[in-house]
Every structure is written in structure tokens, then in C-alpha cells.
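So the chains spell out like this:
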Amino acid sequence: MATSMETEFVFKFGCKGQASTLTVPVTIPMEQSVEDLTGRLVKAHNLPCYVEEDLSERLRDFVDQNTKQFYDKNSVEAIRKVQDGEVDVDNLVERWAKAFSQEVKEYAKPEEITNEQLFSEVYHSLIHSEALETLLNLEHTYAIAVEDIITQRDRDLAHLEQRQSAEMEEAVSLLGTAYSDAQVNQLAQRQFENTQMIDSKWASELSNQQETQKREYREWVMKVHEDTQTATGTPSFVQRVRALTNNMPDAGDDEPVFTQQHRLEESFTIHLGAQMKTMHNLRLLCTDILDLCRHKPHKVGGLLIPSPQRLQTAMSLYSNNLSALVLLVDNRLNSYTGMKREFAKVCEQSSDFHFPDLEQQFQRIEQNVIKGNEWRTQQKLLEEGDKISIKSSGSSGSQPREDKTTKMSVGDFYITRHSNLSDVHVAFHLVTDETLNSPEISSRHPVILGIRNILKMCFRYDIFTISIPLLLTHDMSEEMTMQWCNRRAELVFKCVKGFMMEMATWGGSDSRTIQFIVPRGCSDKMFAEFSTMLPSIFRTSNPIKG
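About the thresholds
Residues numbered from 1 in each chain as written. Predicted model: local features only at pLDDT ≥ 70, side-chain atom pairs only at ≥ 80, totals over all residues. Heavy atoms only, no water. Helix = DSSP H or I, 4+ residues; strand = E, 2+ residues; numbered from the N terminus. Buried < 20%, exposed > 50% of the residue type's maximum accessible area, 1.4 Å probe, protein only. Contact = heavy atoms within 4.5 Å. Areas by Shrake-Rupley, 256 points an atom, 1.4 Å probe, with all protein chains shown as cover. Axes fitted to C-alpha atoms, helices over the stretch in contact; angles between N-to-C directions. Left-handed = near helix turned anticlockwise from the far one by under 90°. Nonpolar A, V, L, I, M, F, W, Y, C, P; charged D, E, K, R; others polar. Patch = residues over 30% accessible without salt bridge, like charges linked within 9 Å, V, L, I, M, F, W, Y side chains within 5 Å. Salt bridge = Lys/Arg side-chain N within 4 Å of Asp/Glu carboxyl O. Pairing = 2+ DSSP bridges.

Q: Give me the overall build of the protein chain: which residues, what numbers.
A: Looking only at helices and strands, one finds 15 helices and twelve strands in the protein chain. Looking at the 546 residues of the protein chain, the share that counts as buried comes to 38%. Residue pairs at least 24 apart in sequence account for 72% of intrachain contacts in the protein chain once pairs closer than 6 positions are excluded. Carbon and sulfur atoms make up 51% of the accessible area of the protein chain, which amounts to about 32900 Å² in all.

Q: So, the packing of helix 13 (residues 446-460) against helix 14 (residues 482-504): which residues are in play, and what are the values?
A: Running from amino to carboxyl end, helix 13 crosses helix 14 at an angle of 40°, the nearest separation of the two axes being 10 Å. Between helix 13 and helix 14 lies a crossing of right-handed hand. Across from I448, R452, L455, K456 and F459 in helix 13, the residues of helix 14 making contact are L491, C495, V496, F499, M500, E502 and M503. Along the lines of polarity and charge, the residues of the contact of helix 13 with helix 14 split into nine nonpolar, no polar and three charged.

Q: Describe the environment of T481, and please don't skip the residues or the numbers.
A: Checked against the element boundaries, T481 lands in the loop between strand 10 (463-469) and helix 14. Assessed through its relative accessible area of 42%, T481 is described here as partly exposed. The spatial distance from the C-alpha of T481 to the C-alpha of M526 is 9.6 Å, given a sequence separation of 45 residues.

Q: How would you summarise a nonpolar patch on the surface if you had to cite specific residues and measurements?
A: A cluster of nonpolar side chains, contributed by V82, V89 and V93, occupies part of the molecular surface with about 220 Å² of accessible area. Note that V82 resides in helix 2 (residues 52-83). By relative accessible area, which is 34% here, V82 ends up partly exposed.

Q: Tell me about the pairing of strand 9 (residues 426-431), residues and numbers included.
A: Counting buried positions over the six residues of strand 9 gives six, a clear majority of the element. What you see with strand 9 is no split at all: V426, F428 and L430 on one side and A427, H429 and V431 on the other are buried throughout. Where strand 7 (residues 322-329) lies against strand 9, six bridges are found, and the strand directions are parallel. In the strand pairing of strand 9, L327 is matched with H429. Across five bridges, the pairing between strand 8 (residues 413-417) and strand 9 is antiparallel. When the bridges of strand 9 are listed, Y414 appears paired with H429.

Printed below as a string of C-alpha cells:
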């Protein structure tokens with residue numbers, strides 16, 4: 001196969017009826033630039049200056065065309081030799097692989113392992129070793145220390161609230177005699193400032209405690225890993241830490257020891273798919289959805305020990321078998337009210353040694369929410385042909401711009417990661433509104449479509465267990481009649497089935513576990529209705545009663 005060829009380049013030029021021709025050999029592919037060769041030809045053949053630009057353009061076209069023809073000819077010849085068996089294919093592949101590897105090693109930026117990646121690998125190896133019990137006991141010891149601070153904080157705030165309430169009652173009763181309106185307002189303001197000061201003080205102490213625990217825990221994990229890699233005669237670090245954590249605290253009389261409450265539960269096995277059917281597990285639970293997050297310490301021999309659920313959650317933290325739940329929240333990104341507040345209280349019960357705390361995750365999510373809302377605004381303006389001007393949108397209401405850009409739409413959801421919850425690694429916070437109270441919602445409701453997108457995320461990112469509120473609410477209310485609940489449950493069952501079959505068409509062939517959570521307060525009769533409806537919709541086989 002030729003590595004180069006020589007071709008004659010012919011250039012004709014003239015002035016005032018006199019024609020001249022320049023013929024020179026050109027090597028293809030050309031190693032020098034066209035500009036350099038043009039300058040050399042003008043100087044060597046004493047060409048007039050006015051032809052230099054035309055000569056350069058003609059020479060460039062000539063070189064490009066002949067270079068392309070040269071490579072095309074070589075390519076066709078190389079393919080012919082492979083097809084005719086003149087070239088060893090295995091040898092060719094080996095040479096190509098070697099050349100590619102050398103190219104990547106020489107020019108590609110080496111991948112650097114971050115501290116987070118290193119810690120996750122070390123933790124995953126230790127949690128599947130003899131250090132498992134030690135690490136869990138260490139985490140439990142830290143959790144007890146955090147709970148002590150929370151208990152002291154709640155007691156302090158409760159005492160302050162009681163004292164302030166008594167002061168305000170006395171001031172109101174003496175209004176007009178010993179107290180004026182201005183003095184009562186000053187008292188209320190002073191009480192509010194005192195409450196804020198005490199709350200900030202305990203929040204700072206709790207944050208410092210958790211940060212200290214996180215730093216110490218990570219240092220101990222790395223030291224335990226380092227100690228397991230060395231074979232010395234001295235007592236190992238894991239033994240010293242185990243001795244430290246074996247002295248678990250006694251369960252006092254006022255210690256909140258949780259017992260397993262009886263809850264309504266049904267389990268089913270289903271097969272979905274047109275040709276290649278995949279087995280999935282469905283569970284129907286009547287419980288508070290936050291019970292899947294709360295730790296339930298057990299008392300054995302007078303000692304508090306970590307809950308058994310903590311074992312499975314820890315072992316699958318850095319794996320392809322994650323667990324998640326869906327929380328129904330409002331359109332504000334905070335943890336001040338409703339379910340968000342209760343969830344935040346559960347999260348602060350112990351330190352998260354692997355992920356940022358809830359408030360830090362909210363700060364990162366807020367930046368993405370702002371970007372998403374700006375993109376939506378731009379798309380809306382484009383779709384409406386710029387009918388909505390910036391001026392009109394700016395004067396449409398009294399809401400500050402920051403409030404508008406950080407609010408989310410119904411059906412949106414944001415994700416938080418956790419390592420300190422009982423049965424959950426991931427929480428999907430799904431934005432809802434009061435329209436869910438209507439019994440007439442359809443499968444095109446934004447919240448239903450949000451569940452579809454959540455399931456898509458689960459199929460894409462190895463979340464194999466997902467808990468979904470069956471009635472799209474966390475609490476039972478008076479307007480939720482039997483008919484209302486049956487219609488809502490039927491809608492959710494059918495939509496989830498359709499979504500699962502849709503996901504299976506693009507590669508979701510692994511077995512999944514879907515848990516449908518029914519709020520506490522559901523009657524036995526209503527739960528039995530749901531239990532009968534589920535297999536009729538999913539066409540289950542071999543139901544297993546829990």
C-alpha cells in the first residue's frame with residue numbers, strides 16, 4: 001500500500017494576451033502548508049505578484065482533491081485485502097487496540113479518584129466484612145448522642161414556651177392597667193427573639209455534633225480499613241473500636257424503645273410482559289410512610305441494639321439494589337410544614353455519614369429549580385410568540401422574584417439521598433396541590449405523570465424497591481369515603497401497572513418490589529377491598545398473605 005504519490009500540478013496564467021503555464025510535481029499527501037509551497041513557487045519561477053493569490057487558491061483545491069482520492073484508494077485497497085484474507089484480522093484488531101490504548105494513555109486526562117469515591121469503596125468493603133457489627137454499633141452510639149441533644153433541645157424549648165405562655169397570659173389579663181398595648185407588643189417581640197436565640201443555639205450545637213461525628217466516623221473507617229490491610233502483632237484498630245462500642249448504653253425507663261406494631265399487610269407476586277415476562281413483588285401496607293424511615297431500636301438483655309432493618313440498608317447502600325419512597329409535599333423547597341417537617345425531624349435523629357444533611361441538599365436543589373423555572377419561562381415565551389412581555393410578568397403580582405423562581409409546579413419532584421434512615425436510601429419529594437382532593441382526577445393528572453417519571457428514574461438508576469402512597473395522600477380525612485378510596489386506588493393500581501409495562505419495553509427486565517402505602521386510620525374493610533382489587537388488576541399468581 002503506497003504511503004505517498006507524486007502528481008503534476010498545472011497552473012495557467014497570463015496578462016495582455018500572453019499565456020504562461022507552470023507545471024510542477026506535488027507530493028501527496030503534502031507535508032508542508034499550501035502557503036509555504038506557494039511562496040517557494042513564486043520565488044523559484046519569478047512569478048508576478050498578482051498571480052500569488054490565484055495560485056494559492058488553485059493549489060489548495062488541487063491538494064485537497066488529490067489527498068482525498070489518495071486516501072480513498074488506500075482505504076478501498078485495505079478493505080479488499082481484509083476481504084480476500086490477505087490480512088490477519090485478529091492481528092489487525094490487536095494492533096488497533098494497542099494503538100488506541102497508547103493514544104488514550106498519552107493524551108487523555110487520567111481519571112482521579114475523589115475522596116468520596118474512595119470512602120464509598122472502603123465502606124462497602126468493610127460493611128461486608130467482620131467489621132460490620134462494629135460499624136453498626138458505632139453508628140448507633142453516635143445516634144444516641146444526637147438523640148440526647150435533641151431531647152435536651154425539645155425540653156428546653158418546651159420549658160421556654162410554657163414560661164412565655166404564662167407571661168403573655170398575665171400581660172393580656174392586666175392589659176389596660178399594668179400593661180399597655182405597646183408593652184404587650186414589646187413582650188411578644190422579646191419572646192420571639194428569645195425563642196429564635198435558643199433555637200439557633202441548639203441548632204448550632206446539633207450541627208457541630210453531627211459534623212464532628214461525621215469527621216471522626218470517616219477517619220475511623222479509613223483507619224479500620226488500613227488496619228485490616230496490615231498484619232501486625234499489635235491489637236488491631238477494629239478490635240479497639242469494637243471494645244469501645246461493645247459498651248452499649250442500658251435502656252432506661254424513659255428510653256423510647258419501639259416494639260413492632262401489628263399492621264395490615266398483604267404480599268403478591270405478579271408477572272408482567274408480553275413475551276418475556278418478568279416477576280415482580282407487590283406489597284400492600286397500612287402504615288405511616290415515615291415508619292419506613294424511623295429507626296426502631298430493640299432492647300435485648302437490657303441493652304439497646306440497632307434495628308435489624310439497619311443491617312440491610314447499610315449493606316445495600318453502595319449497591320445496585322437501592323430502596324426509595326415517595327413523599328407528597330407542597331411547592332416550596334423547605335422543611336417547615338407538614339410532611340416535610342416530620343421527615344426533617346426523622347433525618348436529624350442521627351448523623352448522615354455519607355451524604356450532606358437535608359438543608360445542604362436543599363440548597364443544591366434550589367439552584368437547579370431556579371434554572372428549570374427560567375428554562376420553562378423561556379419556552380413559554382417562545383410558544384406564545386413573545387406575547388407575554390417581561391414588563392407584564394414583572395407586574396403580575398406582589399410575589400418577590402425569588403419566591404417565583406424557587407417554587408415548583410405540580411408533578412415536579414426533587415430527590416434527596418440518605419444513609420441514616422431505616423429502610424430507605426432515596427426520597428422522591430413529589431409536588432402536589434389541593435386538586436388531589438377531587439375524586440375526578442385522571443391518568444393525565446400531573447401527579448400521576450410525576451409517578452411515571454419517578455418509576456422511570458427507578459428503572460434507570462437501580463432502585464429496586466419503591467414505596468408509593470396508594471391514595472396519593474398521607475392521612476385519612478372525612479371526605480375520603482369508601483367509594484372515593486376505591487376509585488383512587490383503582491386509578492393508581494392501573495397507572496402503575498401501565499408504567500411498569502412501559503418501562504419493561506426499554507430494558508427494565510429485572511424484578512422490582514412496589515409497596516403501596518395506605519394511611520393509618522384505614523378500616524379493615526377498606527383494606528380488604530384494596531387487597532381484592534390489586535390481584536384483579538395485576539392478575540397475580542400465588543398470593544402470599546402476610
